[in-house]
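# Commentary on secondary and tertiary structure
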Amino acid sequence: MIIDTYVIPLLKILIVLNATLVGVTFMVLLERKVIAWVQVRLGPMRVGPYGILQPIADAVKLLLKEDITPARADKWVFTAAPIIVMVPALITFAVIPFGPAVRLFGRDVPLYITDINVGLLYIVSVASIGVYGIILGGWASNSKYPLLASLRASAQLISYEVAVTMTLVSLIMTAGTLSMVKIVESQYMAGVWYAFVQPVAFVVFFIGALAETNRAPFDMAEAEQELTGGFHTEYSGMRFALFFLAEYANMIVISSVSTTLFLGGWLRPFPNVAALSFLDFVPAWIWFLLKTFAFLYVFLWVRATLPRYRYDQLMRLGWKVLIPIAIANIIVTGIVKVAL
Amino acid sequence: MGEAIAFYVISALILGFAVLVITTRNTVHSVLFLVLNFLAVAALYVLLTAQFLAVIQILVYAGGIVVLYLFVVMLVNLKRPPEVHADPHRRSSLGFSLSVLVLAELAAIVVYGRLTPAPVAATAEGTDLAVNNVERIGYLLYTDYLIPFEVASMLLLVAMIGAIVLAKREL
């Protein structure tokens, strides 16, 4: 009894948190490598074979750097801001299903920490708290450029949050549930990934996801040429690292969420085609990780390919293109739902 | 027992943060205490197995509305402490009557609650509430509370149109 209610969930939380943090540090390396390959360079090569130990070297360097608080900064808020960014990114993993129940040592262990009936809304609402870290980080630095950058970044996040949430509404209408596990199960029942049922929602969600994670081509918050760095200009050492890690953790979160919602989560490709059932010998959680990784790779690919948007273009795209498309998609989904 | 302890701890947090919101000098800090206050209210909803309300509370209030407050406060940048009003008691009669009104309302709720004890939820229904929270709320909104729901949506629409008209003088 104690094992089921306390030990196993605690172990799962430990594993997921550690795997995420290790994944985040190696995402940084992967990004440098992928961009280097796109630009016909080698990327980091010095630390370990092919630079594989570079993240560890980076982490040690950041930990040993002097931790500066600007003289006229708001100390409490300045300290809290990186934490406020990091925590929502990590606690989102509580509801992400990595796989169905597996038998381990004679017990059925589901490969998710918990499954709540409002899972998807939980993710959206927790993610909306992360905006505070960016606003407060820029404000508490008591410096012009970080303040401008944080205003830009938070305006961007709020605008795109609307579009992303709207696309989720049409997805929820298709799935008929908010629980992350049940959304994957309903894709199993339907025998098709929702990316094929809701292609418009998928595309809008992906564009919104790029903007929500502050990634290129929407990395307004870190426009070096205009803002000397962004909302974290005044941060140094480990606090800067936290902002940095939170960005990558958010990328992993949004990739796992899109995998769960649109790419069938832990399901194999074409779950309705019986001829492909030999693919089932690959464990479900490996399919999940593969799809998430594919998403992350697209994030890096986009960054290496596309130039940054101008701020007014960004706002126009968000409010005048994505939100109307998302609303139209909801209406079409409703009509189709009633008609069929 | 555990539930009662959780209720009192969360209530104490809610009241504490509420007091801090109105006593803090720094406006940005005051807004941040408001966020903490909303988060504690969401915790109270979870305690009442109203998970849907809890996440909506966080999404709409903590994640949406207060961010806009913070925007305004940061842009206005109130560095110096607000000046003391020439006459601090000029609105005291209004405040007093409002407080009496709220107190009377609370008393009425307590008395009314004592007179009509809440129906004890059957255990089956209790578990159903935890599992089908969203469906139950949706069903209630479109049956028993349809008119308030529609009126609220009309109100929001009117507010939105008003904001657009104010922002864009010539259309």
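Everything quoted here is computed from the prediction, not taken from an experiment.

### A look at the overall build of chain B
Helices and strands together make up the secondary structure of chain B, namely seven helices and zero strands. Considering chain B as a whole, with its 171 residues, one finds that 12% of them fall into the buried category. Summarising the internal contacts of chain B: among those between residues at least 6 apart in sequence, 55% fall at separations of at least 24.

### Structural notes on the interface of chain B and chain A
If you look at the interface, chain B gives 17 residues, while chain A gives 16 residues. Where the side of chain B that touches chain A is concerned, the elements lending two or more residues are helix 2 (27–47), helix 3 (51–76) and helix 6 (133–142) of chain B. A per-element tally of the side of chain B that touches chain A places helix 3 of chain B first, with 11 residues. A class-by-class count of the residues in the side of chain B that touches chain A yields 12 nonpolar, five polar and no charged.

### Examining unusual backbone geometry
All names here are of chain A. The backbone of valine 40 shows a phi angle near 55 degrees, a positive value even though the residue is not glycine. Within the element layout of this structure, valine 40 appears in the loop between helix 1 (2–38) and helix 2 (54–64). Classification of valine 40 as exposed rests on a count of 6 C-beta atoms within 10 Å. For asparagine 142, which is not glycine, the phi dihedral falls at a positive 55 degrees. You can see asparagine 142 is positioned in the loop between helix 4 (119–140) and helix 5 (144–175). Judged by the 15 C-beta atoms lying within 10 Å of it, asparagine 142 falls in the partly exposed class.

### Things to note about the pairing of strand 1 (residues 99–104) of chain A
Residue and element names in this part refer to chain A. With five bridges connecting them, strand 1 and strand 2 (residues 107–111) associate as antiparallel partners. Of the residues in strand 2, the one forming a bridge with arginine 103 is aspartate 108. Between the end of strand 1 and the start of strand 2, which pair antiparallel, lie two residues, with phenylalanine 105 showing a positive phi angle near 50 degrees.

### Some details on the environment of tryptophan 319 of chain A
Residues and elements named next belong to chain A. Within the secondary structure, tryptophan 319 sits in helix 12 (residues 311–339). Judged by local crowding, tryptophan 319 falls into the partly exposed class, with 14 C-beta atoms found within 10 Å. Placed 156 residues apart in sequence, tryptophan 319 and alanine 163 show a C-alpha to C-alpha distance of 8.0 Å.

### Topic: the packing of helix 1 of chain A against helix 2 of chain A
Residues and elements named next belong to chain A. Two elements in contact, helix 1 and helix 2, have axes whose closest approach is 9 Å; the angle formed by their N-to-C orientations is 110 degrees. Overall, the two elements helix 1 and helix 2 adopt an arrangement that is roughly perpendicular. The way helix 1 lies across helix 2 gives a crossing that is right-handed. Mapping the contact onto sequence places Thr25, Phe26, Val28 and Leu29 in helix 1 and Gln54, Pro55, Asp58 and Ala59 in helix 2. For the contact of helix 1 with helix 2, the residue count by class is five nonpolar, two polar and one charged.

### Examining helix 1 (residues 2–23) of chain B
With 22 residues, helix 1 of chain B should cover 32 Å at 1.5 Å per step; its first-to-last C-alpha distance of 32 Å lies within 8% of that length. Of all 22 residues that make up helix 1 of chain B, zero are buried, and the element is exposed over most of its length.

### Details of the domain arrangement of chain B
Domain assignment breaks chain B into domain 1 (1–78) and domain 2 (132–171). Relative to domain 2 of chain B, the C-alpha centre of domain 1 of chain B lies at a distance of 23 Å.

### Observations regarding helix 10 (residues 237–262) of chain A
Residues and elements named next belong to chain A. The end-to-end C-alpha distance of helix 10, which contains 26 residues, comes to 38 Å, matching closely the 38 Å that a straight helix rising 1.5 Å per residue would cover. Here helix 10 lies mainly inside the structure; 22 of its 26 residues are buried. Just downstream of helix 10, glycine 264 is the residue with a positive phi angle, here 75 degrees.

### What to know about the environment of proline 271 of chain A
All names here are of chain A. Position of proline 271 relative to the elements: it lies in the loop between helix 10 and helix 11 (284–305). Judged by the 19 C-beta atoms lying within 10 Å of it, proline 271 is partly exposed. As a C-alpha pair, proline 271 and methionine 189 span 82 residues in sequence and 9.0 Å in three-dimensional space.

### Overview of the packing of helix 5 of chain A against helix 8 (residues 199–212) of chain A
Residue and element names in this part refer to chain A. Where helix 5 meets helix 8, the axes come as close as 9 Å, and the angle between the chain directions of the two elements is 155 degrees. One element, helix 5, and the other, helix 8, form an angle in the roughly antiparallel class. By crossing handedness, the relation of helix 5 to helix 8 is classed as left-handed. Together, Gln156, Leu157, Tyr160, Glu161, Ala163, Val164, Thr167, Ser170 and Leu171 of helix 5 and Ala201, Val204, Phe205, Gly208, Ala209, Ala211 and Glu212 of helix 8 make up the contact between the two elements. Grouping the constituent residues of the contact of helix 5 with helix 8 by class yields 10 nonpolar, four polar and two charged.

### Let's talk about the confidence of the model for chain B
Per-residue confidence for chain B averages 83 on the pLDDT scale, and 82% of its residues sit at or above 70. For chain B, the element scoring lowest by mean pLDDT is helix 5 (residues 123–131) of chain B, at 57; helix 7 (residues 146–167) of chain B scores highest, at 92.

Here is what the cut-offs are and how they apply
Residues numbered from 1 in each chain as written. Chains lettered and ligands numbered in written order. Predicted model: local features only at pLDDT ≥ 70, side-chain atom pairs only at ≥ 80, totals over all residues. Helix = DSSP H or I, 4+ residues; strand = E, 2+ residues; numbered from the N terminus. Buried ≥ 20, exposed ≤ 12 C-beta atoms within 10 Å, placed from the backbone. Contact = placed C-beta atoms within 7 Å. Nonpolar A, V, L, I, M, F, W, Y, C, P; charged D, E, K, R; others polar. Pairing = 2+ DSSP bridges. Axes fitted to C-alpha atoms, helices over the stretch in contact; angles between N-to-C directions. Parallel < 35°, antiparallel > 145°, perpendicular 65-115°, else oblique. Left-handed = near helix turned anticlockwise from the far one by under 90°. Expected span 1.5 Å × (residues − 1). Domains from an automatic or database assignment. pLDDT = per-residue confidence, 0-100.

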